[in-house]
Amino acid sequence: MQDWVEKYRPQSVSDIVGNKEAVRQMVEWAKNWQRGQEPLLLYGKPGIGKTSAAYALARDMGWEIVELNASDQRTKGIIERIAGSTATTMSLTGASRKLLLFDEADNLHGSADRGGARAILDIIKISMQPIILIANDLYGIAKELKGACEPVQFKAIQARSIAPRLRYICSAEKISCSDDSIRDISESSSGDMRAAVNMLFAASAGKDTLSEDMIATAEKDERSTIFELVGAVLKGQSDRRLMELSSNISDTPDTTEQWVEESIFQMKGIESQYLAYKNLSVADTYVGNTYRRQYYTLWKYASSLMLIGCADAAGGCGVFERIMPPSRWRKMAGGKKQKNLRIRVLNKLSEGYHVPEDTLRDELLTSVSVLVDLNPMKFAKDFELDKDELNFFLHDNTRSAEIIKEIKKEIREREKAEKKKEKSLSSKKTKKLVETVKEKPPAQPEISEKTKDEKKDTISSDEENENGKKQAETQSTLFSF
Ligand SMILES: Nc1ncnc2c1ncn2[C@@H]1O[C@H](COP(=O)(O)OP(=O)(O)OP(=O)(O)O)[C@@H](O)[C@H]1O
């Protein structure tokens, strides 16, 4: 028996239930798509049709779809071939374009996707193909990435829109269903169409009628997010609920641990925080042992210690600040950025001074920094440094920014002056040309063959009349050569 969620996945955007405004925005974007256009960022809770809408749109547009994830950065060449080259624009299937799809764009901080946001940004820059990003949580997306996309919000689907779809599925499956049973499922799915379809499937499996009492037995498909889990810890929810949520999320205990750690500051009082850290540290030893011994049963202990222990410490304090991804991920990304900056700067200096990068880094960096400090403007110009690169030596953000601003201003003014000069030169040339044309007498009309003959005749008759004189003239002309 085929899974109904897949079987009834919308094939065209017209099959998408609800979210009409989001779908309209997507269609508009696709119809007007041209190179350099911002990617779409579809966001909203799970199971409401984001992925289906992206696939349906591609199908309606006749585009091929390529799902990527940011860790594919490791195979950068492949990505560049897919995203960048016009040569590969025409696909084997003859589709005119490829839609590049990044699902779970809010989950880029895991170990596999470290630096993932940067990777996606790089791909966006070079892409000659349309891109769609999908995320559950807008807060989980890197700021730069959010800024580079056009957001499209998908909202939870209203129960009254879910019901007709369920009725349609029932009629396609030849199941007779009562209105009450459909209403019950629609209302208890909290706007999640995937959950509704799964509940319908579970309640009616192997039957040809569906009544209310069957629904109570069908369990709602609930995929939790890490945000729900951390929220549940802070709210001090029951042990059973915590473990249920934990088994539903895709994050491993070591990642969950970092999320919980990040939220400890929300717990009231030093005592609570101390207790939470204590529980986390014990849980962490289990995580460590799991990896060391490759004994994954220990994960369960790690999870229960960290979740139940921290929920106990939180004492139901509740969520009063935004739940954020672990700050250490941001710091690590920052460290990577700094390292790349150092490599860039050393590379430029090494080429300019003809000195190996190692020597520059180990022996000369301090001296160079002193020199830069003496005349940063000249140095920045000579090595074509940007603000961050100059700041690498100056350690003064404001000063570096001002210097680079000044240089850019100079460049702009120089370009403006050059353009002006070019313009005046070309207008002078035009003026001169006009004057030359004016001064030059009109060109002699060409003598036609007929006129020449007539002239000849005249000359021959004249010759007879002015014999001697003509002879003399002809001779003088010849001598003049
Ligand atoms: N708006 C919708 N209209 C019709 N069917 C839907 C809709 N939303 C979800 N479904 C059903 O739920 C299934 C899952 O939907 P989909 O994968 O598009 O959700 P999603 O919002 O992308 O969820 P996630 O964020 O978990 O990936 C679809 O295959 C389809 O059966």
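Only a predicted model underlies this, so the values are computations on that prediction, with no experimental measurement involved.

Trainee: Any details on the overall build of the chain? Residues and values, ideally.
Mentor: A count of helices and strands for the chain gives 22 helices and 7 strands. The buried share of the chain, reckoned over its 481 residues, is 38%. As displayed, the chain has an accessible area near 29100 Å², and 52% of this comes from carbon and sulfur atoms.

Trainee: I'd like a description of the nonpolar core, backed by residues and values.
Mentor: One finds Met26, Trp29, Leu42, Ile132, Phe154, Leu166 and Leu200 to be the most contacted residues of the largest nonpolar core, which totals 41 residues. If you count residues domain by domain, this core takes at least three from each of domain 1 (4–153) and domain 2 (159–215). Counting residues in hydrophobic clusters, the runner-up holds 26 residues, among them Val233, Trp259, Leu280 and Ala313.

Trainee: A description of a nonpolar patch on the surface should follow, citing residues and the corresponding values.
Mentor: A cluster of nonpolar residues, Val370, Leu371 and Leu374, forms a patch on the protein surface that exposes about 330 Å² of accessible area. On the secondary structure map, Val370 appears in helix α17 (residues 357–374).

Trainee: Tell me about the UniProt feature "binding site: ATP" (unreviewed entry) in the chain, and name the residues and values.
Mentor: Summarizing the sequence annotation, UniProt attributes the feature "binding site: ATP" (unreviewed entry) to Gly44, Lys45, Pro46, Gly47, Ile48, Gly49, Lys50 and Thr51 in the numbering used throughout. Residue position: Ile48 is located in the loop between β1 (40–43) and α3 (50–61). According to the relative accessible area criterion, Ile48 is buried, its value standing at 2%. Contacts of Ile48, omitting those with residues within four sequence positions, involve Asn19, Phe154, Lys155, Ala156, Ile157, Gly191 and Asp192. A relative accessible area of 18% places Gly49 in the buried class.

Trainee: Let's hear about the side chain of Asp137: which residues, and what values?
Mentor: Tracing the sequence through the fold places Asp137 in the loop between β4 (131–135) and α6 (143–147). If near-sequence neighbours (up to four positions away) are discounted, Asp137 is found in contact with Asp106 and Phe227.

Trainee: Outline helix α8 (residues 179–188), supporting the account with residue identities and numerical values.
Mentor: Among the residues of α8, those classed as buried are Ser181, Ile182, Ile185 and Ser186. Along the axis of α8, the buried positions cluster into a sector of 130°, meaning they face one direction only. The exposed set on the far side of α8, more than 90 degrees from its buried face, consists of Asp179 and Glu187.

Trainee: Tell me about the packing of helix α7 (residues 159–172) against α8, residues and numbers included.
Mentor: Running from N to C, α7 and α8 point in directions that differ by 125°, and their axes come no closer than 9 Å. The orientation of α7 with respect to α8, classified from their angle, is oblique. With respect to the hand of their crossing, α7 and α8 are arranged in right-handed fashion. Where α7 abuts α8, its residues Ala159, Ile162, Ala163, Leu166, Arg167 and Cys170 lie against Asp179, Ile182, Ile185, Ser186 and Glu187. Its residues assigned to classes, the contact of α7 with α8 comprises 7 nonpolar, 1 polar and 3 charged.

Trainee: Any details on a positive patch on the surface? Residues and values, ideally.
Mentor: Taken together, the side chains of Lys405, Lys408, Lys409, Arg412, Lys416 and Lys420 define a basic patch exposed on the protein surface. Structurally, the position occupied by Lys409 is in helix α20 (residues 397–439).

Trainee: Kindly report on the sheet that holds strand β2 (residues 64–68), identifying the contributing residues and their values.
Mentor: Taken together, the 5 strands give an open sheet; going across it, the order is β2-β3-β4-β1-β5, and neighbouring strands pair in parallel fashion. The sheet is open, and its two edges are formed by β2 and β5 (150–153), each paired on a single side. Ignoring which end each strand starts from, the neighbouring axes of this sheet average 25° apart. Where β1 and β4 come together, 4 bridges link them in parallel fashion. Residue pairing across strands places Tyr43 opposite Ala135, the latter belonging to β4. Docked against the sheet, helix α2 (residues 20–31) engages β1, β3 (98–102), β4 and β5, running at close to 145° with respect to β5. Of the strands in this sheet, β1, β2, β3 and β4 touch α3, which is tilted by about 165° from β4.

Trainee: Give me the packing of aromatic side chains: which residues, what numbers.
Mentor: If you walk through the whole model with that rule in mind, you get 10 aromatic pairs. Look at Trp4 and Tyr8: their rings are 6.4 Å apart centre to centre, the planes differ by 85°, and that puts the pair in the edge-to-face class. Here a set of aromatic residues connected by ring pairs shows up, and it is made of Tyr353, Phe379, Phe383, Phe392 and Phe393.

Trainee: Can you lay out the pattern of salt bridges for me, pointing to particular residues and giving the numbers?
Mentor: Note on pairing: side chains with opposite charge can pair once their charged atoms come close. Considering all chains together, one arrives at 15 salt bridges under this definition. Asp362 is paired through a salt bridge with Arg361; the nearest N and O atoms lie 3.2 Å apart. A relative accessible area of 55% means that Asp362 is categorised as exposed. For Arg361, a relative accessible area of 37% corresponds to the partly exposed category. Shared partners join several salt bridges into a network, and the residues in it are Arg344, Lys348, Asp386 and Glu389.

Trainee: If you had to explain the packing of α17 against helix α19 (residues 387–394) to someone new, which residues and values would you point to?
Mentor: Contact geometry for α17 and α19: axes closest at 8 Å, N-to-C directions at 110°. The pairing of α17 with α19 is recorded here as roughly perpendicular in orientation. On α19, the residues touching Leu365, Val368, Ser369, Val372 and Asp373 of α17 are Leu390, Phe392, Phe393 and Leu394. Of the residues assigned to the contact of α17 with α19, the class counts are 7 nonpolar, 1 polar and 1 charged.

What counts and what doesn't
- Residues numbered from 1 in each chain as written.
- Predicted model: local features only at pLDDT ≥ 70, side-chain atom pairs only at ≥ 80, totals over all residues.
- Heavy atoms only, no water.
- Helix = DSSP H or I, 4+ residues; strand = E, 2+ residues; numbered from the N terminus.
- Buried < 20%, exposed > 50% of the residue type's maximum accessible area, 1.4 Å probe, protein only.
- Areas by Shrake-Rupley, 256 points an atom, 1.4 Å probe, with all protein chains shown as cover.
- Core = buried A, V, L, I, M, F, W, Y, C linked by side-chain atoms within 4.5 Å.
- Domains from an automatic or database assignment.
- Patch = residues over 30% accessible without salt bridge, like charges linked within 9 Å, V, L, I, M, F, W, Y side chains within 5 Å.
- Salt bridge = Lys/Arg side-chain N within 4 Å of Asp/Glu carboxyl O.
- UniProt positions renumbered as here; feature names shortened; annotations may be inferred.
- Contact = heavy atoms within 4.5 Å.
- Arc of directions from axis to C-beta.
- Axes fitted to C-alpha atoms, helices over the stretch in contact; angles between N-to-C directions.
- Parallel < 35°, antiparallel > 145°, perpendicular 65-115°, else oblique.
- Left-handed = near helix turned anticlockwise from the far one by under 90°.
- Nonpolar A, V, L, I, M, F, W, Y, C, P; charged D, E, K, R; others polar.
- Lys, Arg positive; Asp, Glu negative; His and termini not counted.
- Charge placed at Lys NZ, Arg CZ, Asp CG, Glu CD.
- Pairing = 2+ DSSP bridges.
- Phe/Tyr/Trp six-rings, centres within 6.5 Å; stacked < 30°, edge-to-face > 60°.

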